[in-house]
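# Close look at the chain arrangement
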Amino acid sequence: MHLRSLGRLELPPTADMHVHLRQGELMNLVTPTVRQGGVDTVFVMPNLVPPLTTVEQVLEYKSQLRSIAQDVNFLMSLFLHPSVTPEVIAKAAAAGITGVKMYPQGVTTNSESGVSNLESFYSTFAAMEQHRLVLNLHGEVLESLAPADTTLEEAFLPTLKTLHERFPQLRIVLEHCTTAAAIEAVRACGPNVGATITAHHLYLISDDAHCDPFAFCKPIPKRPTDRDALIKTVVSGDPKFFFGSDSAPHPLQSKTSAAQGKAPAGVFTQPFVTQLVLIALEEAIERGVIIAADVTQEKLEGFLSRFGRRFYKLPEVSGEKIVLERKAEKIPPSIASEDGLFEVGISKAGTDVYSLRWEGA
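The rules behind each value
Residues numbered from 1 in each chain as written. Predicted model: local features only at pLDDT ≥ 70, side-chain atom pairs only at ≥ 80, totals over all residues. Heavy atoms only, no water. Buried < 20%, exposed > 50% of the residue type's maximum accessible area, 1.4 Å probe, protein only. Helix = DSSP H or I, 4+ residues; strand = E, 2+ residues; numbered from the N terminus. Arc of directions from axis to C-beta. Contact = heavy atoms within 4.5 Å. Pairing = 2+ DSSP bridges. Axes fitted to C-alpha atoms, helices over the stretch in contact; angles between N-to-C directions. Right-handed = clockwise from strand over helix to strand, strands pointing away.

## Thoughts on helix H4 (residues 86–94)
- Among the residues of H4, Val-88, Ile-89 and Ala-92 are the ones counted as buried. One face of H4 carries all of its buried residues, which in axial projection span an arc of 105 degrees. Exposed side chains of H4 directed beyond 90 degrees from the buried face belong to Glu-87 and Ala-94.
- Where the residues of H4 are buried, they touch helix H3 (55–68), strand E5 (77–79), strand E6 (99–102) and helix H5 (122–131).

See below:
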């Protein structure tokens, strides 16, 4: 598929299995952009302030999100915390909560209440296995715990192996893979282990993250060889890997006013997530990492929509579709609230992009 010269493309709605929709006015601003990016289903992260550690908090948050975007399927999660006991897991399953997100303490935004000792949660994981909730892993260790010349993600991978061996029926997602080593670690596990890949890790490398506050995120993008390994995985057709944008909005001023290397971690892609994956594939073809024939309708549909739904045991797709067309549209620098008080910068601003619209069945 020659994306650069392709004028029109039809796809099933994208399933974005890793989103940050925040809270308050920022939530009101970014939640409507889910559909703008061609997405009808999202797995929502629980690292709010305070984190979502009770079933009641999660259901209240879901109610707030649905009041903003009634036509989005919000899959909800708990924040792994000592208060999330096996009894809470049973209650969460009965309430329709989908998963539990594990953040190592202090590794990323709003993770101060995260986990320092995974073994203390083994009874909770056993309950999750029993009730068929998904364990979603932020797969990094603290910098102080990583061996020299090892990325924080690579240092975490033995933990993934241990958890899978201990709980083989527990569905586990290694979130936002950034390294070739992570891809191989997921492939080495059984079918109950999957992984998300973001759009921005398909086009950013570490140099970008260190120089551009709008490219700074955690996990930090890695080497060009790691980026290219992710690209090849996207077009491999391997159903263990599916899309999760990790779109993470921060107020524009917090990005632009921070000293170099001190900007809040997060890349905001939500209004253009589907198109940004296509842009990354276009760029990879031009670099010679893949060829046009590697990009097929079936593989795009699998990665962007079908594989994630299957892993989460959802219906395949709705009756809608998204239509992408070349109309000389460019990604704008930002989105802003009507009163101008809240503004969020968008990744790859100024890039030519497919226009996207929805069609019914």
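Picking up where we left off.
## Observations regarding the sheet that holds strand E4 (residues 73–75)
- Here we have three strands laid out as an open sheet, ordered E2-E3-E4, and parallel in their pairing. Edge positions in the sheet fall to strand E2 (14–19) and E4, since each of these pairs with one other strand and no more. Between one strand and the next, the sheet's axes are offset by a mean angle of 20 degrees, whatever the strand orientation.
- In terms of strand pairing, E2 meets strand E3 (residues 39–44) through four bridges, oriented parallel. The residue bridging Thr-14 from the neighbouring strand is Val-39, located in E3.
- Strands E2 and E3 of the sheet are contacted by helix H12 (residues 297–311), whose axis makes an angle of about 65 degrees with E2.

## A closer look at the environment of Leu-6
- In this structure, Leu-6 sits in the segment before strand E1 (8–11).
- For the pair Leu-6 and Gln-64, spaced 58 residues apart in sequence, the C-alpha separation works out to 39 Å.
- Apart from residues no more than four positions distant in its own chain, Leu-6 is found in contact with Met-1, Arg-326 and Tyr-354.

## Focus: the pairing of E3
- The element E3 is largely enclosed, with a buried count of six among its six residues.
- Judged from the three bridges that link them, E3 and E4 form a sheet pairing that is parallel. Paired with Phe-43 across the two strands is Leu-75, which belongs to E4.
- Considered for its hand, the β-α-β crossover made up of E3, H3 and E4 is right-handed.

That's the geometry; what it means functionally is another story.
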